[in-house]
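A closer look at the structure
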Amino acid sequence: MLGAFFRRSLAPDRLARTLIYAGIAGFIWFYFIQPSPFGSTLSVTTLVGAGLVQYGSDKPFVIPLYIYVLAALVLAQLVGLLLGAGGQLGAALLGSALGLGLPHLAYRLGGKA
């Protein structure tokens, strides 16, 4: 019973949805309640990265528009860092890795869930 709970909870599509909701909540928290450029950048890139690959059908598929949005976010942070405007490149890369990597890891570990 506990194994079935973990399999359902760690389904790639469900994990990606959870990361998207966590990214939205994190952005609201880190932008409005407790301002933090690192936290808001991490939240936004996590939600875009998690939405980039859809795991609902047999095989995962990529949404091309999200590739461009995520690349623009990371590039904007890199340019901001190079120009000395306070770019958060580490947060952008970490958020992208979390948003893309965690659902993909769940997909690979769970087989063709």
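Not measured: the values here are computed from a predicted model.

1. A closer look at the overall build of the protein
Scanning the protein from N- to C-terminus turns up five helices and two strands. Traced from its N-terminal end to its C-terminal end, the protein shows the element sequence α-α-α-β-β-α-α. Referenced to the eigenvectors of the C-alpha coordinate spread, the extents of the protein come out at roughly 50 × 30 × 20 Å. For the protein, the residues scored as buried account for 30% of the 113 residues in total.

2. Examining the environment of valine 79
Within the element layout of this structure, valine 79 appears in helix 4 (residues 64-82). Here valine 79 falls in the partly exposed class, since its relative accessible area comes to 39%. C-alpha of valine 79 to C-alpha of leucine 89: the two residues are 10 residues apart in sequence and 8.9 Å apart in space.

3. Details of the confidence of the model for the protein
Residues of the protein with pLDDT of at least 70 account for 92%, and the chain-wide mean is 90. Ranking the helices and strands of the protein by mean pLDDT puts helix 3 (residues 37-52) first, with 96, and helix 1 (residues 2-9) last, with 68.

4. Focus: helix 5 (residues 89-109)
Between the first and last C-alpha of helix 5 there are 29 Å, a value that for 21 residues agrees with the 30 Å anticipated at 1.5 Å per step. Along its length, helix 5 reaches its greatest deviation from straightness, about 25 degrees, at glycine 101, and the proline proline 103 lies no more than four positions downstream. Of all the positions in helix 5, only Leu89, Ala91, Ala92, Gly95, Ser96, Gly99, Pro103, Ala106 and Tyr107 are classed as buried. Turning to helix 5, the residues buried within the fold contact helix 2 (12-33), helix 3 and helix 4.

5. A word on the packing of helix 3 against helix 4
Interhelical geometry of helix 3 versus helix 4 gives an angle of 155 degrees and a closest axis separation of 9 Å. Put simply, helix 3 runs roughly antiparallel to helix 4. Seen along the crossing, helix 3 lies across helix 4 with a hand that is left-handed. Contacts between helix 3 and helix 4 involve Thr41, Val44, Thr45, Val48, Gly49, Gly51 and Leu52 from the former and Tyr66, Ile67, Val69, Leu70, Leu73 and Gln77 from the latter.

6. Focus: helix 2
With 22 residues, helix 2 ought to run about 32 Å at 1.5 Å a step, and its terminal C-alpha atoms sit 30 Å apart, in line with that. All buried positions along helix 2 are accounted for by Pro12, Leu15, Ala16, Leu19, Gly23 and Gly26. Down the axis of helix 2, the smallest arc covering the buried residues is 95 degrees, so these residues share one side. Facing away from the buried side of helix 2, by more than 90 degrees, are the exposed residues Tyr21, Phe32 and Ile33.

Cut-offs applied
Residues numbered from 1 in each chain as written. Predicted model: local features only at pLDDT ≥ 70, side-chain atom pairs only at ≥ 80, totals over all residues. Heavy atoms only, no water. Helix = DSSP H or I, 4+ residues; strand = E, 2+ residues; numbered from the N terminus. Buried < 20%, exposed > 50% of the residue type's maximum accessible area, 1.4 Å probe, protein only. pLDDT = per-residue confidence, 0-100. Expected span 1.5 Å × (residues − 1). Bend = angle between axes of the 7 residues up to and from the residue. Contact = heavy atoms within 4.5 Å. Axes fitted to C-alpha atoms, helices over the stretch in contact; angles between N-to-C directions. Parallel < 35°, antiparallel > 145°, perpendicular 65-115°, else oblique. Left-handed = near helix turned anticlockwise from the far one by under 90°. Arc of directions from axis to C-beta.

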